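# Analysis of the macromolecular model
Here is what each chain is made of, one letter per residue.
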Amino acid sequence: MSPQEVLDFARKNEARQLDVRFTDIPSLQHHISYPIGELTIDAFENGFGIDGSSIRGWAAINESDMLLIPDPSTAVMDPFMETPTLIMLGDIKDPITKQNYERDPRWIAKKAEMYLSNLGIGDVAYFGAEAEFFIFDNVRFDQNAHSGFYFIDAEEGRWNSGREKDNLGYRPRTKEGYFPVPPTDHYQDLRAEMVETMTRCGLTIECHHHEVGGAGQCEIDQRFNTLVKSADNMMLYKYIVRNVANQYGKSATFMPKPIFGDNGSGMHTHQSIWKNGQPLFAGDGYAGISQMALHYIGGLLKHARALSAIIAPTTNSYKRLVPGYEAPVNLAYSRRNRSAACRIPMYSSSPKAKRVEFRPPDPAANPYLAFSAMLMAGLDGILNKIEPGEPLDKDIYDLSPEEMKSVPSMPGTLDEALNCLEDDHAFLLKGDVFTEELIETYIEYKRKNEAEAVRLRPHPYEFQLYYDV
């Protein structure tokens, strides 16, 4: 929509509030609201003033004034607010120079798209991400100087099978949630409501189902879109999932590994490059893909350990990225094989369906940064003709120890991932997509506020291991 069309849309829907949203570096979405009368044609150029110093990883307090410029193409009515509310995503700009703010994740994603276009390799990169999540009924956690705990309960949790009251059975077995019909699948109606809400908000949904995790793990698949639009859609997707669950008296989480011993939640990301309406990843090579696609895979695999700090960006991510849970720890590629980091789906022989699925990302990742970083790694592979080696079509977990030595693996901790990003990020700086300053800020924030913070605190399991030493 144009700015005028947004104003007409707001009047048609009797909007009384304007809600402008943006995303910080760690991927939390923020918002600020205005009476709808504050939205004028001029607001699409002049924006609204905000304090950037209060946003994680952003400006110091002496450079805190920023502009939030609403993007008319993102306008949608909020499906949850009692007061009719118009939502738009905003871009962050410097109020003095009017330049885009280099730490705004959405701006980084836009620069990644521009870099692809300027290279002349292709004119559009498509991304389709499958973000899994858990639905819980009760969540408690706390951490202080003298105690630390978490407690999760889910009606679907197999641990409730022996409950004396209000127990009707029908629960998925641990790691067997893929995918029984109701009543074992408790959340068919809940997911359907999420899908209906997403559709009303303009998202295109392909399917939904229970996932492998027994205690309420679900997946709703969106149709692929351009890089920035897919990231925008992912933020709206998460908002809808959380709020519909909340309306049902449930809590939805995109935490990668909330339950020990069950599957974690991934965000398998399908990606491809097109030019002049033609798919460039289709060809007559392995699995029906082109040499360009193989080089793209080569870039993803070469830089995967550095990418991990951005695509699996939490300490909890590395409790998912362990062997044996369909988690792609080992860096290889294959058709069909879900134990490989890069998979070439074989559902269709159509050239338009040819794509690369990168499986290490999880839904805690900032989609703007994650999609951009993956594109930059793939483009580096194309530019430098990086060969991915031979495909690995047998189950990686059945390989002998000798065979496994030749297969590189993802980092085992966030600390290790951040070290890898520190050592290997030149590919992200090309075209000024990421800046050195942004990478340094990201690494410093993650080390101090997450990796170090977790490392400094006693873990509850340590009492079981060591209290009697």
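Computed from a prediction, not measured in an experiment: that's the story for all the values here.

A few words on the pattern of salt bridges. Pairing of side chains with opposite charge becomes possible as their charged atoms draw close. One pass over the structure, following the stated rule, counts 23 salt bridges. In this structure, K111 and E102 form a salt bridge, with 2.4 Å as the shortest nitrogen-oxygen distance. Residue class for K111 comes out buried when judged on its relative accessible area of 7%. Owing to a relative accessible area of 32%, E102 belongs among the partly exposed residues under this scheme. Note that R447 is salt-bridged to E422, the shortest N-O span being 2.9 Å. Here R447 is found in helix α13 (residues 436-456), whereas its partner E422 is found in helix α11 (residues 414-423), with 25 residues between them in sequence. Salt bridges linked by common partners bring D71, D91, R106, K110 and D232 together as one network.

To continue, consider the side chain of H303. Tracing the sequence through the fold places H303 in the loop between α6 (291-302) and α7 (304-311). By relative accessible area, which is 3% here, H303 ends up buried. At a separation of 2.8 Å, a polar atom in the side chain of H303 contacts the side chain of D424. Residues within four places of H303 in sequence aside, it is in contact with A377, D380, D424 and F427.

The next subject is the nonpolar core. Among the nonpolar cores identified, the biggest contains 120 residues, and L86, F133, M194, Y237, L375 and F434 are the most heavily contacted of them. At 12 residues, helix α5 (residues 227-247) tops the list of elements feeding residues into this core.

Look at α7 against helix α9 (residues 367-383): their axes get within 9 Å of each other, and the N-to-C directions meet at 165 degrees. Classed by the angle they form, the pair α7 and α9 counts as roughly antiparallel. As for the relative orientation of α7 and α9, their crossing is right-handed in sense. Note on element contacts: α9 touches α7 through L369, A370, A373, M374 and A377, opposite L307, I310 and I311. Per-class residue counts for the contact of α7 with α9 are 8 nonpolar, no polar and no charged.

This brings us to the side chain of E357. Relative to the helices and strands, E357 resides in strand β18 (residues 356-358). Given a relative accessible area of 1%, E357 falls into the buried group. One polar contact links E357 to R343, side chain to side chain, over a distance of 2.4 Å. Polar side-chain contacts of E357 include one of 2.9 Å to the side chain of R359. What E357 contacts, discounting residues up to four positions off in sequence, is E130, H268, T269, H270, A341, C342, R343 and P345.

For the structure on display, the rule yields 15 aromatic pairs. With 5.5 Å between their ring centres and 25 degrees between their planes, F22 and W58 make a pair best called stacked. One end of the pair, F22, is in strand β1 (residues 17-23); the other, W58, is in the loop between β3 (48-51) and β4 (65-70), with 36 residues separating them in the sequence. Overall, F22 belongs to the buried group, its relative accessible area being 7%. Of the aromatic side chains, those joined through ring pairs into one cluster are F22, W58 and Y101. Seen from the ring of F254, K238 lies directly overhead, with NZ or CZ sitting 5.3 Å from the centre.

Further remarks concern unusual backbone geometry. Residues Y178 and F179 are joined by a peptide bond in cis, for which omega reads -25 degrees. Examined against the element boundaries, F179 turns out to sit in the loop between β9 (148-153) and α4 (188-200). Residue P183 follows P182 across a cis peptide bond; omega there is 10 degrees. As for its placement among the helices and strands, P183 is situated in the loop between β9 and α4. For K98, which is not a glycine, the phi torsion comes out positive at approximately 65 degrees. Checked against the element boundaries, K98 lands in the loop between β6 (85-93) and α3 (105-119). The backbone phi angle of Y170 is positive, close to 55 degrees, even though this residue is not glycine. The topology assignment puts Y170 in the loop between β9 and α4.

Conventions we followed
Residue indices begin from 1 for each chain and proceed along its sequence in written order. Local features in a predicted model are, by the rule used here, given only for residues with pLDDT of at least 70; side-chain atom pairs are given and counted only at 80 or more, and totals for whole chains, interfaces and linings are based on all residues. Hydrogen atoms and water are omitted, and side-chain values are computed over all heavy atoms in the structure. Salt-bridge detection follows one rule: a side-chain nitrogen of Lys or Arg within 4 Å of a carboxyl oxygen of Asp or Glu. When a residue's accessible area, from a 1.4 Å probe over protein chains only, is under 20% of the maximum for its type it is buried; when over 50% it is exposed; and in between it is partly exposed. Numbering of helices and strands runs from the N terminus; a helix is a DSSP stretch of H or I covering at least four residues, while a strand is a stretch of E covering at least two. Polar contact is the term for a pair of N or O atoms within 3.5 Å; when the atoms are in protein, one must be able to donate a hydrogen and the other to accept it, and sequence-neighboring residues count only if both atoms are side-chain atoms. By definition in these notes, contact holds between two residues if any of their heavy atoms fall within 4.5 Å. Residues belong to a common nonpolar core when they are buried Ala, Val, Leu, Ile, Met, Phe, Trp, Tyr or Cys residues joined through side-chain atoms within 4.5 Å. A fitted line through C-alpha atoms serves as each axis, taken over the contacting stretch for helices, and the angle formed by two N-to-C directions is quoted from 0 to 180°. An angle below 35 degrees is treated as roughly parallel, one above 145 as roughly antiparallel, one from 65 to 115 as roughly perpendicular, and anything else as oblique. A crossing counts as left-handed when the near helix is turned anticlockwise from the far one by less than a right angle, and as right-handed when that turn is clockwise. Think of it as three bins: nonpolar holds Ala, Val, Leu, Ile, Met, Phe, Trp, Tyr, Cys and Pro, charged holds Asp, Glu, Lys and Arg, and polar takes everything else, Gly as well. Aromatic contacts are taken between Phe, Tyr and Trp rings whose centres are within 6.5 Å, Trp giving its six-membered ring; a plane angle under 30 degrees counts as stacked, one over 60 as edge-to-face, and the others as tilted. Note on criteria: charge over ring means Lys NZ or Arg CZ within 6 Å of the ring centre, with the direction from the centre no more than 35 degrees off the ring normal.

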